[in-house]
Amino acid sequence: KILVAMVVVPINYFCQIMFMFYFYGWIGAVLIFFLNPALSYASIKIGEEGIGTLHKSVIPTFFALLPGGTKKRQELRQKRRELRDEVQLAVKERLQTMGSEFWERYQTVVNPANIHT
């Protein structure tokens, strides 16, 4: 990243300034000269936030729209249900061995009737 910032970015700025000078004259070159750092900073900040959002929302949505993934999604939902039930059962068993105080708190928070064995 540092090498890119020290070498590629100034070359890119210079090329953009020359392009703007060639097509728009001094006004375009000066405008790009002062706007480039602000635009670069904004693009870095947007990129950092956007990549996380992209992987969390857009990509799963895209794959959900593809045909043929219904069976895999249903298998995943079933596996998640099974894992949830296993975790709840393990917590229930562990709390029973810890004593009545913990067991009473657990029963008020989670209804043990919902745990499938």
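Remember, it's a predicted structure, so these values are computed and weren't measured experimentally.

**Focus on the overall build of the protein chain**
- A count of helical and extended segments in the protein chain gives three helices and zero strands.
- Counting from the amino terminus, the protein chain carries its helices and strands in the arrangement α-α-α.
- For the protein chain, buried positions account for 12% of its 117 residues.
- In the protein chain, once contacts between residues fewer than 6 apart in sequence are set aside, the share between residues at least 24 apart is 22%.
- With an accessible surface of roughly 10,200 Å², the protein chain has 68% of that area assigned to carbon and sulfur atoms.

**Quick look at the confidence of the model for the protein chain**
- When pLDDT is averaged along the protein chain, the result is 77; 79% of the residues meet or exceed 70.
- Mean pLDDT values over the elements of the protein chain span from 65, in helix H3 (residues 100–109), up to 83, in helix H2 (residues 70–98).

**Some thoughts on a nonpolar patch on the surface**
- A cluster of nonpolar residues, Ile2, Val4, Met6, Val7, Val8 and Ile11, forms a patch on the protein surface that exposes about 590 Å² of accessible area.
- Position of isoleucine 2 among the secondary structure elements: in helix H1 (residues 2–65).

**Observations concerning the packing of aromatic side chains**
- Following the criterion strictly, the structure yields four aromatic pairs and no others.
- Aromatic side chains phenylalanine 21 and tryptophan 26 sit 4.8 Å apart centroid to centroid with 70° between the ring planes, which places their arrangement in the edge-to-face category.
- Here tryptophan 26 falls in the exposed class, since its relative accessible area comes to 65%.
- Within the aromatic cluster, the residues linked to one another by ring pairs are Phe19, Tyr22 and Phe23.

**Things to note about H2**
- Compared with an ideal rise of 1.5 Å per residue, which puts 29 residues at 42 Å, H2 spans 42 Å between its outermost C-alpha atoms and is within 8% of the ideal.
- Of all the residues in H2, the buried ones are Asp85, Lys92 and Leu95.

**Looking at the layout of surface pockets**
- Volume-wise, the largest pocket comes out at about 260 Å³.
- Its residues assigned to classes, the lining of the largest pocket comprises five nonpolar, five polar and two charged.

**A few points about the side chain of asparagine 36**
- Within the element layout of this structure, asparagine 36 appears in helix H1.
- Residue contacts for asparagine 36: discarding those within four places in its chain leaves Tyr13 and Gln16.

**Looking at the pattern of salt bridges**
- Under the criterion given, the structure shown has one salt bridge.
- With its nearest N and O atoms 3.4 Å apart, the salt bridge here joins arginine 84 to aspartate 85.
- The partly exposed category is assigned to arginine 84, whose relative accessible area is 43%.
- Residue classification places aspartate 85 among the buried positions, given a relative accessible area of 14%.

The rules behind the values
- Residues numbered from 1 in each chain as written.
- Predicted model: local features only at pLDDT ≥ 70, side-chain atom pairs only at ≥ 80, totals over all residues.
- Heavy atoms only, no water.
- Helix = DSSP H or I, 4+ residues; strand = E, 2+ residues; numbered from the N terminus.
- Buried < 20%, exposed > 50% of the residue type's maximum accessible area, 1.4 Å probe, protein only.
- Contact = heavy atoms within 4.5 Å.
- Areas by Shrake-Rupley, 256 points an atom, 1.4 Å probe, with all protein chains shown as cover.
- pLDDT = per-residue confidence, 0-100.
- Patch = residues over 30% accessible without salt bridge, like charges linked within 9 Å, V, L, I, M, F, W, Y side chains within 5 Å.
- Salt bridge = Lys/Arg side-chain N within 4 Å of Asp/Glu carboxyl O.
- Phe/Tyr/Trp six-rings, centres within 6.5 Å; stacked < 30°, edge-to-face > 60°.
- Expected span 1.5 Å × (residues − 1).
- 1 Å grid on protein atoms, 1.4 Å probe; cavity = no way out; pocket = protein on both sides within 12 Å on 5 of 7 lines; lining within 4 Å.
- Points joined across faces, edges and corners; volume = space filled by probe spheres on them.
- Nonpolar A, V, L, I, M, F, W, Y, C, P; charged D, E, K, R; others polar.

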